[in-house]
Structures are given as structure tokens and as C-alpha cells.
Amino acid sequence: MTLGTIWVVVEPSNGSLTTTSLELLTRARTLADTVSAVTWGGDGASHATRAGEFGATTLFDVGALDGALPGVPVAAAIEQLIAAHGAPEAILIPTSYDGRDVAGRLSARLDRPVLTNVTGLVDEGGLVTEHPVFGGSQTVRARFTGEGPGIVVVRAKSFVAESAGTPAAVLVAAPVGNVGGAGGATITTSHVEERSGPKLEEAAVVVSGGRGLGEADKYALIEETAKLLHGAAGASRAIVDAGWVPYSHQVGQTGKTVKPAVYIACGISGATQHMVGMKGSKSIVAINKDPDAPIFQIADFGIVGDVHKVLPALIAALKARG
Amino acid sequence: MNIVVCVKQIPDPAAPQSLDSSHNLNRLGKLILDEADTYGVEMGLQLVDTFGSGDVTVVSMGSAADVAGLRNALAMGAAKAIIVSDDSLRGTDALGTAKVLAAVIRRINPDLVLCATESSDGYTGTTPVQVAELLGLPSITFAKSVTVDGSSVKVERQTESGFDEVSAPLPALVTVTAGVVEPRYASFKGIMAAKSKPLEVLSIADLGLASETGPTGARQEITDVVAAEARTAGEKYVDEGDGAEKIVAFLESIKVL
């Protein structure tokens, strides 16, 4: 290993750490001699056990944020940690709503560049990052050329999280200090939307709809098919942009990365922006009326047909099976 | 309520894309206003309308050889466009871009800055928050609803499990997701009016930022570009009323059913 120290920002969620955070810890411990983690939110002690189990020896805990969005206080705390403990060679951050805020704030505070949309990390006498481009048909490999720490934002499911069975990380408090007016964004109320069935990123089956559905109401076909297959419903950017379904359903470069056992793309032509979010699926099924739709080039099983005929028939067939 | 909307002119995403010999995205063809930015422009126009006074300025960085995208934003109703265009900006990274945009926004001193969550060509997704940090402003990302009063902005922010209501004192920066508003089409009157609206082109020297931009300022390099592991097309059938049946059989074969 040529890398001394890597810090990983590990993101709290419902009292635990997000899966992407654990994926990053798993990769970091194979790349660097020492892995430390940074978290926030007030459950530091239990996170220290979890972060330790996945390879972190120290957990820097920013603590409760009292409603502040994490970006500013967490970046400010990391800046202070660097002043106190020295800079790591790289700081790995999960691609998420809050992770990207932390990365942007930290980059500007430290005046260090940031590399995002990373799906691979290798050690070639220094850290090399891998980025899928053009729908994942090519991989750009990049590296930092200046003084560290390099800030790296990594997409979900780039690595598989595996426990190292190592003991709890040592918990160290990470003070925020004064952040001034920049820290003024405050959460006043949180709304949890009810969800039936598995999360999009964790579902074994994902059924996604695109522009080929023709109108917003037809998305119900996608939801029903997903439900019958005990899966989750996804969407292309086109129908999210059109306001048919919320952004949280979006699969692709600007949305979520999914790697289910089977991905069923319905009325999705296969724009490069979509492909990069689902081409890691184990199997891909595509239904599209255009026989030349790019989605068929990566589909293991394709039906050239009208989603308005095929989906109702599929729903009936699945119901008939009970 | 004076609002700056950061926008980007990008190669048409529907056209074939390629990298040049320096591994930069080829930007030689026609440029269009990034569709992701039309939501911010529309949001800005609606907020100014609701507030009753002020205007929208669009701020951009990139080649000014083609400004059709900026004219489009002006035709939608923005009052003014400013683009920083300079050959030396080629190869500028997200932080360098943020420095350029922040330098322009500082001159305007708006109440609110709106951006897309990320561009549709580079997808870095950090530039807006970097701009906010450089300007010392609070930021709220991934807005699915935005309202303002004279002193604060209230946002419904997308989260993994639903959404949060988040507020920040003005001035502030907000990034909007697609679908937050329905962007208007420019009217004929708007298109005609846009031709005489101010469109200012600034150079890097105007902003005094030379060493922060370009490949040197980026402090990163692409080492190589390699072909990714390709997926191959499998079976394909034309639906003759048996498409659903065939899908069920395939799902059985991979043990999903």
C-alpha cells in the first residue's frame, strides 16, 4: 500500500450508517494503512462499533447538528480535524444528498479539487479514480496532481460492503467552530413518505418506466408490476423531468444506481444518462416498441412491443400465479 | 427580489458525444441551454413575479461563440445575461468554475442564487455548493418546492425517505430538481424582446482569476480512458400477444419467479 491514511465520511441514517458508507470503508481499508471515519448526528457510540467493524480505527464525531443541514458544519469540522491531526491523502464521501453538500463545502473551504461520480478506486503508486462516461461505455481514469487531501465522491454500489470483524473505532469529538452565516440553513420539519415494498436501491427486482408510457397515469402499471414482483418502481429522467413521478424514483446518472437481480425497463429508450444507473443489474429485461432502441443493446431479454399491451398482460399473468 | 440563476450551455445530449485529445468533452457543435437549468430560470421568474419586484440575471461560463442558450433564457423572461468566456477556461474543474461564477455573482449581490442540482454534461454536482461556500452563503440543495418572503427562503428538500422543510435567511443559494416547476416556452414576443436584452461577455482578466482556472487550476488529470466491460444484447422477440408470457418464462429461468 502506498497510501498512508484515508478518511471516509460515514453518513448516519435511522440510527445506523448507510450501506454506501460501509462500502467505502471496505474499499478504503484495502487501499490505506490507516482508515478513519467522520460522522455526525448524535449516535457516535453505536456508529463507532459499526465503523470499526468495517475497518475504521478512529471515528471523528461531529455530534448532533440541532437541525442544521450537514454540509457546512461537517465540512467545517473536517477542516479543523485536518489542522489538528494532519491531512489524510484522500477523503472519500458517499454520493448522496448530504454527501455532495459536504464535498462541495469542503472543497471550497480547503481549496482542494473534488472528483465525483467515482465508481472505482485503485492504488497505482497513488490514488486513481475511475469514472463511467457516455452511459458507462467508457471509463475515465483520473488522479489528483496537487497537494492533498483529494476529495472523492463515490457512487453507491461501487463496492461490496464486507465486515472485517475488527473492534470498535476510537471515538474522538470533532468540534465545528463558528461557521457564520453560511450555516444558516435549518430543517424545521421532516416528512417521511410512506413506502410499501423494498427501497429502490435494495430491491431484488426493479421495474422502471419511461416516456413510452405516454402519460403520467400509466405509471400505475409500473407500480403494480413492481408490487407483484415484490420489487421497487423506478423511472427514467424524462418522466421525472416531466413531473410524472418524484425525483426519488429516478435511476441514472443524476439519480440512483441500482444493481438488482433483474431490471425491467418499460418504455425506456436507453439514454446514456439512464444506462449508467442500471447497467450493473444482473439481468436486464426491456420492453419497447422501437426495435432499434439502445436499451436492447444491453438487455438480456427484449420484447419489441407496446408497454400498454405487454404490461397489463404481464400483470394478469403474475396475478394468475397468485 | 433580485435573483441570479446559474446556467450552462451544453452540447445537445441527444447528439453523439466524444472526448477530444485532451480528454475534454468535445464542445465544437451547437450548444443549447441545459434543460436542467430551465427549471431554475422558471423558478426565478415565478419568485420575482410573486414577490412583485426585482429581476432575474442568468450567469454562465463557457464559450460565447454560441449564445443561443442564453438568448433562450432571456426569451423566457430573464432581464440580463452575463457569460464569462475565455480560451484559458478550457479544462477548468468544478471548483475553478465556482470561483468564476462566484466572482460574477459577488458583483451583482443578489438576494437569491438558483442552480440546477448538476449539469447534464459534466455531472460533477458540487459547483453550486462550492459557489455558496465561496460567497459565504447558506445553501439548500435538491429543492422540490421554493418560496421566499423578504428575509428568508423556505424549501422542501428531497431526502432519502421523503422531504424536509428547510429554511435559510436571505441571501442564500438553492439548487432545484427537475419537475419543481413547469418551464415556460419562450413566446414570440419573448424571443423578439430577448434580442435587445443586455448580454455581457467577461474575460478572466476582467475577474482577475487566471491562476485559479484551466488545467493548472484544476490540479487533477485524466490518466487514460478505457473501454468499459460491455454488456451484450441477448434474446429479442417481437410481441405477438405472447410477450408477457415470454417475460414470465425468462423470469422463471433466472429464478426471480
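Small disclaimer: the values here were computed from a predicted structure and weren't measured.

Draft legend 1. Just the interface of chain A and chain B, in detail. Taken together, the contact between chain A and chain B spans 83 residues of the former and 81 residues of the latter. The largest contributions to the chain A side of the interface with chain B come from Tyr97(A), Arg100(A) and Phe301(A), which together make up 11% of the buried area. Counting across the interface, chain A meets chain B through 45 residue pairs in polar contact (both at pLDDT 80 or more). The biggest single contributor to the side of chain A that touches chain B is helix H4 (residues 97-110) of chain A, with 10 residues. Taken together, the residues of the side of chain A that touches chain B break down into 38 nonpolar, 27 polar and 18 charged. Across four bridges, the pairing between strand S18 (residues 301-304) of chain A and strand S13 (residues 235-238) of chain B is parallel.

Draft legend 2. Up close: the pattern of salt bridges. Applying the stated criterion across every chain, the model contains 27 salt bridges over all chains. Between Asp111(A) and Arg219(B) there is a salt bridge whose closest N-O contact spans 3.3 Å. On the criterion of chain membership, the pair formed by Asp111(A) in the loop between H4 and strand S7 (114-118) and Arg219(B) in the loop between helix H7 (214-218) and strand S12 (220-227) is interchain, its members lying in two chains. Residue classification places Arg219(B) among the partly exposed positions, given a relative accessible area of 21%.

Draft legend 3. Highlighting the sheet that holds strand S13 (residues 186-192) of chain A. Taken in spatial order, the 10 strands of this open sheet run S13(A)-S9(B)-S8(B)-S7(B)-S10(B)-S6(B)-S1(B)-S4(B)-S5(B)-S11(B), and their pairing is mixed. At either end of the open sheet lies a strand with only one pairing partner, and these are S13 of chain A together with strand S11 (199-202) of chain B. For this sheet, the mean angle separating the axes of adjacent strands, direction not counted, is 30°. Packed on one face of the sheet, H4(A) meets strand S7 (139-148) and strand S8 (152-158) of chain B and runs near 110° to S7(B). Seen against the sheet, helix H2 (residues 68-76) of chain B touches strand S4 (56-61), strand S5 (80-84) and S11 of chain B and runs at an angle of roughly 160° to S5(B).

Draft legend 4. Unusual backbone geometry, seen in detail. Residues and elements named next belong to chain A. Note the cis peptide between Gly-148 and Pro-149, where omega equals 0°. In this structure, Pro-149 sits in the loop between strand S10 (138-144) and strand S11 (150-154). Unusually for a residue other than glycine, Asp-111 sits at a positive phi of about 55°. Positive phi, normally seen in glycine, also occurs at Asn-117, with a value near 55°. By the secondary structure assignment, Asn-117 is in strand S7.

Draft legend 5. Quick look at the pairing of S7(B). All names here are of chain B. S7 sits mainly inside the fold: seven of its 10 residues count as buried. Bridge count between S7 and strand S10 (residues 172-176): three bridges; the pairing is parallel. Its bridge partner being in S10, Ala-143 is matched across the sheet by Val-176. Relative to S8, S7 is paired through five bridges, and the arrangement is antiparallel. Bridge pairing in S8 links Val-146 to Val-155.

What counts, and where the lines are drawn
Residues numbered from 1 in each chain as written. Chains lettered and ligands numbered in written order. Predicted model: local features only at pLDDT ≥ 70, side-chain atom pairs only at ≥ 80, totals over all residues. Heavy atoms only, no water. Contact = heavy atoms within 4.5 Å. Buried area = accessible area lost by both parts, 1.4 Å probe. Polar contact = N/O pair within 3.5 Å; in protein donor to acceptor, adjacent residues only side chain to side chain. Helix = DSSP H or I, 4+ residues; strand = E, 2+ residues; numbered from the N terminus. Nonpolar A, V, L, I, M, F, W, Y, C, P; charged D, E, K, R; others polar. Pairing = 2+ DSSP bridges. Salt bridge = Lys/Arg side-chain N within 4 Å of Asp/Glu carboxyl O. Buried < 20%, exposed > 50% of the residue type's maximum accessible area, 1.4 Å probe, protein only. Axes fitted to C-alpha atoms, helices over the stretch in contact; angles between N-to-C directions.

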